[in-house]
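Residues per chain, in single letters:
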Amino acid sequence: MIEYENLSGTNRSFLADYKKAFADVAKRGFYILGQAVNKFENAFADYCGVKNCIGVASGLDALIISLKIFRIKPGSEIIVPSNTYIATILSIIHCGLRPILIEPDIKTYNIDPEKIEDAVTSKTAAIMPVHLYGKMCDMDAIMEIAKRRKLKVIEDCAQAHGAEYKKKKAGAFGHCNAFSFYPTKNLGALGDAGAIVTNDPELAQQAKMFRNYGSRIKYYNEIIGYNSRLDELQAAFLSVKLKKLDEINNHKRKLAAIYLKKIKGDFIKPVVQNGYHDIYHIFNIRHPQRDKLKKYLMDQGIKTEIHYPVPPHKQKALHDLLGSKSYPISEAIHASTLSLPISYGHTQKDIYEVAEKINGFNQ
Ligand SMILES: *Cc1c(COP(=O)(O)O)cnc(C)c1O
């Protein structure tokens, strides 16, 4: 059986360092916002090529706090891709703002800059590009529109740790950008965790207050904050893994190269473009007989996933807000996409086997 993902296998090679990191934190006896968080924040900011990193409790919180710090007028419009993971849209709703869904480019699965321009109104306050599956959005085009129309940009980098666009990393473009370290992400913790990155020292200060009860000095509360702190243990584990992030990404890129070369026939594969360094958080193919293909692979001992089976506007939770809308490109992607095994725990041999089985699919 080839698993879709085996997190224990992915983390096995880090176990000795995790144990040491655990012992260091446990012995220090200081578990919230101490030196482990500080160390990880500095290292991750350096890695992304930004000035500040603020560790928070999850990717969703990183998105919510990123929006909160701009003090956007309630009811303002935020542009977001229609095929994102629901978290991006939820962050907008939790902040009392209106999500405006824009269809992706069917080739890249990322937000289509041309459609952003058409969607901007006098109420638009920000754009939230999502670097889906580990491939960055066309950031030059997005930043150009944002500058001209005076909009904030919040990158959702939850699937793009170390992905690059024109040699610059995800998180280094927008005004304030969000990462998730959910265990399955390329840089995954051993539990929930997230971070905000920004070059703006004032936004960084605000984010630090929001994550910690609105306080700069203990027991003095300046704003209505949250409790959304990255904890010392997760930060210590993340520092261990961050040192190997490029190795993890390169491993996944090698596996992706095998799929790209070996899979033949009428499967639509991810595009590879000049100037983009993709890190394949997810490697998806598309096929009109997706469900049949998924079952066939399962029968052959290969587990796959679907990211995602239901588009956000068709989710029950968003029915009242978006239920009447139609997003045909997003719907076409959701109906045909299949995510193949691609993790640090998979070998090249595994991937050759998956590719071979896919090529043997008779519809
Ligand atoms: C994982 C993910 C999130 C949310 O991260 P959590 O840490 O689970 O809150 C947000 N956006 C995208 C695109 C994601 O993939």
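The preceding data block contains the structure.
By convention here, each chain's residues receive numbers from 1 onward along its written sequence. Restriction of local features to residues with pLDDT of at least 70 applies here, the model being predicted, together with a cutoff of 80 or more for giving and counting side-chain atom pairs; totals for whole chains, interfaces and linings are based on all residues. Side-chain figures throughout are based on the complete set of non-hydrogen atoms in the structure, without hydrogens or water.

(A) Layout of the environment of Ile258. Summarising the element assignment, Ile258 is placed in helix α10 (residues 245-262). Spatially, the C-alpha atoms of Ile258 and Lys349 are 9.8 Å apart, while their sequence positions differ by 91 residues. Setting aside residues no more than four positions away along its own chain, Ile258 makes contact with Ile263, Gln348, Ile351 and Tyr352. Only DSSP runs of H or I reaching four residues or more are called helices, and only runs of E reaching two or more are called strands; each is numbered from the N terminus. By definition, residues are in contact when any of their heavy atoms lie within 4.5 Å.

(B) Summary view of the sheet that holds strand β12 (residues 276-277). Taking strand neighbours across the sheet as the criterion, the 3 strands line up as β7-β6-β12 in an open arrangement whose pairing is antiparallel. The sheet is open, and its two edges are formed by β7 (168-169) and β12, each paired on a single side. A strand pair is defined by DSSP finding two or more bridges across the two strands.

(C) The site of the ligand, seen in detail. A molecule or strand has a residue near it when one of that residue's heavy atoms lies within 4 Å. Near the ligand, the surroundings consist of 13 residues, among which Gly59, Leu60, Asp156, Ser180 and Lys185 are the closest. In the model, an oxygen atom of the ligand is placed 2.8 Å from a nitrogen or oxygen of the Leu60 main chain. Residues adjacent in sequence count toward polar contacts only when both atoms are side-chain atoms; beyond that, a polar contact is any pair of N or O atoms within 3.5 Å, and within protein one must be able to donate a hydrogen and the other to accept it. Side-chain polar atom of Lys185 to an oxygen atom of the ligand: 2.8 Å apart, as the coordinates give it. Methods summary: accessible areas were calculated by the Shrake-Rupley approach with a probe of 1.4 Å, and residue burial reflects only the protein chains presented. For the ligand, the accessible surface in isolation is 390 Å², of which the surrounding protein chains cover 90%.

(D) Seen up close, the packing of helix α3 (residues 35-48) against helix α9 (residues 232-242). It is at 8 Å that the axes of α3 and α9 come closest, and there the two elements cross at 35°. Seen along the crossing, α3 lies across α9 with a hand that is left-handed. Taken together, the residues of α9 that come into contact with α3 (itself represented by Gln35, Ala36, Val37, Lys39, Phe40, Ala43, Phe44 and Tyr47) are Glu232, Ala235, Ala236, Leu238, Ser239 and Leu242. Between the N-to-C directions of two axes lies an angle of 0 to 180 degrees, each axis being a line fitted to C-alpha atoms and, for a helix, fitted only over the stretch in contact. Should the near helix be turned counterclockwise from the far one by less than a right angle, the crossing is left-handed, whereas a clockwise turn marks it as right-handed.

(E) Representation of the packing of aromatic side chains within the structure. Note on aromatic contacts: the rings of Phe and Tyr and the six-membered ring of Trp form a pair at centre separations within 6.5 Å, being stacked when their planes are under 30 degrees apart, edge-to-face when over 60 apart, and tilted otherwise. Under the definition given, this model contains 16 aromatic pairs. Aromatic side chains Phe44 and Phe181 sit 5.4 Å apart centroid to centroid with 85° between the ring planes, which places their arrangement in the edge-to-face category. Within this pair, whereas Phe44 is found in helix α3, its partner Phe181 is found in the loop between β8 (177-180) and β9 (194-198), the two being separated by 137 residues in sequence. Summarising the burial analysis for this pair, Phe44 and Phe181 share the class buried. Three or more aromatic residues joined by ring pairs form one cluster here, namely Phe40, Phe44, Tyr47, Phe179 and Phe181. To sort residues, take the accessible area from a 1.4 Å probe on protein chains only and compare it with the maximum for the residue type: under 20% means buried, over 50% means exposed, and anything in between is partly exposed.

(F) The pattern of salt bridges, seen in detail. Salt bridges are defined by distance alone: a side-chain nitrogen of Lys or Arg within 4 Å of a carboxyl oxygen of Asp or Glu. Inspection of the entire model under this criterion finds 16 salt bridges. In this structure, Asp112 engages Lys115 in a salt bridge whose closest nitrogen and oxygen atoms are separated by 3.6 Å. Between Lys357 and Glu353 there is a salt bridge, with the nearest N and O atoms lying 3.7 Å from each other. On the criterion of helical spacing, the pair formed by Lys357 and Glu353 is a turn pair, its members being 4 residues apart in helix α14 (residues 348-359). Bridged by salt links that share partners, the residues Glu117, Glu144, Arg148 and Arg149 form one connected network.

(G) A look at a nonpolar patch on the surface. Patches were defined on residues exceeding 30% relative accessible area and lacking a salt bridge, with like-charge contacts within 9 Å and nonpolar side-chain contacts (Val, Leu, Ile, Met, Phe, Trp, Tyr) within 5 Å. A grouping of Ile217, Tyr219 and Tyr220 is seen on the molecular surface, where their side chains present a nonpolar patch of about 450 Å² in accessible area. Checked against the element boundaries, Tyr220 lands in strand β11 (residues 220-221).

(H) Structural view of the packing of helix α4 (residues 59-68) against helix α5 (residues 86-94). Between α4 and α5, the shortest axis-to-axis distance is 9 Å and the interhelical angle comes to 40°. With respect to α5, the element α4 is oriented oblique. Regarding α4 and α5, the two cross each other, and that crossing is right-handed. Across the interface between the two elements, Leu60, Leu63, Ile64 and Leu67 of α4 pack against Ala87, Thr88, Leu90, Ser91, Ile92 and His94 of α5. Only Asp, Glu, Lys and Arg are considered charged in this grouping, and only Ala, Val, Leu, Ile, Met, Phe, Trp, Tyr, Cys and Pro are considered nonpolar; every other residue, Gly among them, is considered polar. Considering only residue class, the contact of α4 with α5 consists of 7 nonpolar, 3 polar and no charged. An angle below 35 degrees is treated as roughly parallel, one above 145 as roughly antiparallel, one from 65 to 115 as roughly perpendicular, and anything else as oblique.

(I) Structural view of the sheet that holds β8. Strand order in the open sheet made by the 3 strands is β1-β9-β8, with antiparallel pairing throughout. For this open sheet the edge positions go to β1 (52-56) and β8, each flanked by a neighbour on one side alone. Strand-to-strand twist of the sheet, defined as the mean angle between neighbouring strand axes without regard to direction, takes the value 25°. Pairing analysis gives 4 bridges linking β8 to β9, with the strands arranged antiparallel. In the sheet register, Ser180 faces β9, and the bridge partner there is Gly194. Sheet strands touched by α3: β1, β8 and β9. Its angle to β1, the strand with the most contacts, is close to 130°.

(J) Summary view of the pairing of β9. Across the 5 residues that make up β9, a large majority, 5, are buried. Here β9 shows no split at all, with Gly194, Ile196 and Thr198 on one side and Ala195 and Val197 on the other all buried. With 5 bridges connecting them, β1 and β9 associate as antiparallel partners. Note on β9: the bridge partner recorded for Asn52 is Thr198.

(K) Representation of α14 in the model. Given a rise of 1.5 Å per residue, 12 residues ought to cover 16 Å, and the 17 Å separating the end C-alpha atoms of α14 matches this to within 8%. Those residues of α14 lying buried are Asp350, Ile351, Val354, Ala355 and Ile358. On an axial view of α14, the arc spanned by its buried residues comes to 130°, and they lie on one face. In α14, those exposed residues whose orientation departs by more than 90 degrees from the buried face are Lys349 and Glu356. Multiplying 1.5 Å by the helix residue count minus one yields the expected span of that helix. By definition, the arc is the one covered by directions from the helix axis to the C-beta atoms.

(L) Geometry of the state of the cysteines. Criterion for a disulfide: a pair of cysteine sulfur atoms at a distance within 2.5 Å. Inspection of every chain in the model, using the stated rule, returns 0 disulfides. In this structure Cys53 is not part of a disulfide, and its nearest cysteine sulfur, from Cys48, lies 7.1 Å away. Overall, Cys53 belongs to the buried group, its relative accessible area being 5%. Cysteine Cys95 is unpaired, with the sulfur of Cys176 as its nearest cysteine sulfur at 11 Å. The class of Cys95 is buried, set by a relative accessible area of 15%.

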